[in-house]
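Summary of the model geometry
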Amino acid sequence: MTAVHMVSGADSRAGDFGEDGYVKYCCRHDIAPAPDCAGLAELDALRTELFDAGLIGQRPDGAGFGNLSLRLGTEFVISATATGGVRELGAEGYSLVEHWSVAENSLTCRGPLPASSEALTHAAVYEVSADAQCVVHVHSRVLFDGLVAAGALSTPVKAAYGTPEMAKAVADTARDHPWEGILVMLGHDEGVLAYGPSIPAVASLISFATRNFCSSPHDCGGNCPHGACHAS
C-alpha cells in the first residue's frame, strides 16, 4: 500500500519537533516491513544512548525531537516520524528512503512508518559528501548555546527546520567539510546536527561536543577532530 501525504509540523507532533505548521515535504510512503540492513542495530543503540542523554526525546506537550540516519549505498535508513518518545525503536521505528529531491521538496520512503520530517536535511548531506555515512540531529539548549558562543559552524536563522532552505544550508556546510562536522541550526532553536564517516565517528563527535561546549568557557581549544566544530 502506498500513501502520499504532506509531512508537516503537525504530523511530527509525536516524532520530530515541529514549528507553526510549516509544510516540510511531500512524502510518498510505501507501507512495507521494517528495514533489514547491516548497521541498523548499531544505529538504534546510538539512538538509545542519545535518548538516555536527553538529546533525543519528547517534550511534555507531546512534541518529539531528534532523529538519525545511516547511508545504504544510494539510499538511507532514518528514524521514522512519530517516534520521539520511544526509548528503543527497533527496526520497526525506521524507514528506508529510496528517492528524494531537495529542489522539489519530496521523497519516497518504505517501511512501517513515514520517514522523519528532517529526512531531506539528511539527504542533502549524503548528496554532497561521499564520506558521510551517518547523520544525527539532536536537541540541547546547553549544547546549542555553547556551540553558538564558540562560533561553531551554523545554518542561517532564516533557514527553518525541515525546509529546502535548511537542507541547502546544511549541504553547503557538508560540501565545505565533507569528512565530518557538527553545526548549529540557527533557524531551528536548540537543533544541532552532526555527520561523519561512521556511526562511531558521529557518536564520538557528539560526545566531544557535549564535553567541551556544555560548560563555560565554551572552547574546544582547536582540538576538535578535523576542525569539524568551528568555522575558523
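Notes on the structure follow. For clarity, every value in this text was computed on a predicted model and none was experimentally measured. (Residues numbered from 1 in each chain as written. Predicted model: local features only at pLDDT ≥ 70, side-chain atom pairs only at ≥ 80, totals over all residues. Heavy atoms only, no water.)

What follows deals with the overall build of the chain. When helices and strands are counted, the chain shows five helices and 12 strands. The burial tally for the chain puts 55% of its 232 residues in the buried class. Entry remark: accessible area of the chain is about 9200 Å², with carbon and sulfur atoms responsible for 53%. (Helix = DSSP H or I, 4+ residues; strand = E, 2+ residues; numbered from the N terminus. Buried < 20%, exposed > 50% of the residue type's maximum accessible area, 1.4 Å probe, protein only. Areas by Shrake-Rupley, 256 points an atom, 1.4 Å probe, with all protein chains shown as cover.)

Another point: the side chain of Thr83. Tracing the sequence through the fold places Thr83 in the loop between strand E6 (75-79) and strand E7 (94-101). The exposure class assigned to Thr83 is buried, which follows from its relative accessible area of 6%. A distance of 2.6 Å separates the side chain of Thr83 from the backbone oxygen of Ala80, its partner in a polar contact. (Polar contact = N/O pair within 3.5 Å; in protein donor to acceptor, adjacent residues only side chain to side chain.)

Glancing now at the packing of aromatic side chains. The tally for this structure, following the rule as stated, stands at two aromatic pairs. Judged by centre distance (5.3 Å) and plane angle (65 degrees), the rings of Phe76 and Trp100 are edge-to-face. With Phe76 in strand E6 and Trp100 in strand E7, the pair connects residues that are 24 residues apart, well separated along the chain. Given a relative accessible area of 0%, Phe76 falls into the buried group. By relative accessible area, which is 22% here, Trp100 ends up partly exposed. The interplanar angle of 45 degrees and the centroid separation of 5.2 Å between the aromatic rings of Phe76 and Tyr126 together place this pair among those described as tilted. Pair noted here: Phe76 is in strand E6 and Tyr126 is in helix H2 (residues 119-128), with a separation of 50 residues, a long-range link. Comparing Phe76 with Tyr126 shows no difference in burial state: the two are buried. Site record: aromatic cluster; members linked through ring pairs are Phe76, Trp100 and Tyr126. (Phe/Tyr/Trp six-rings, centres within 6.5 Å; stacked < 30°, edge-to-face > 60°.)

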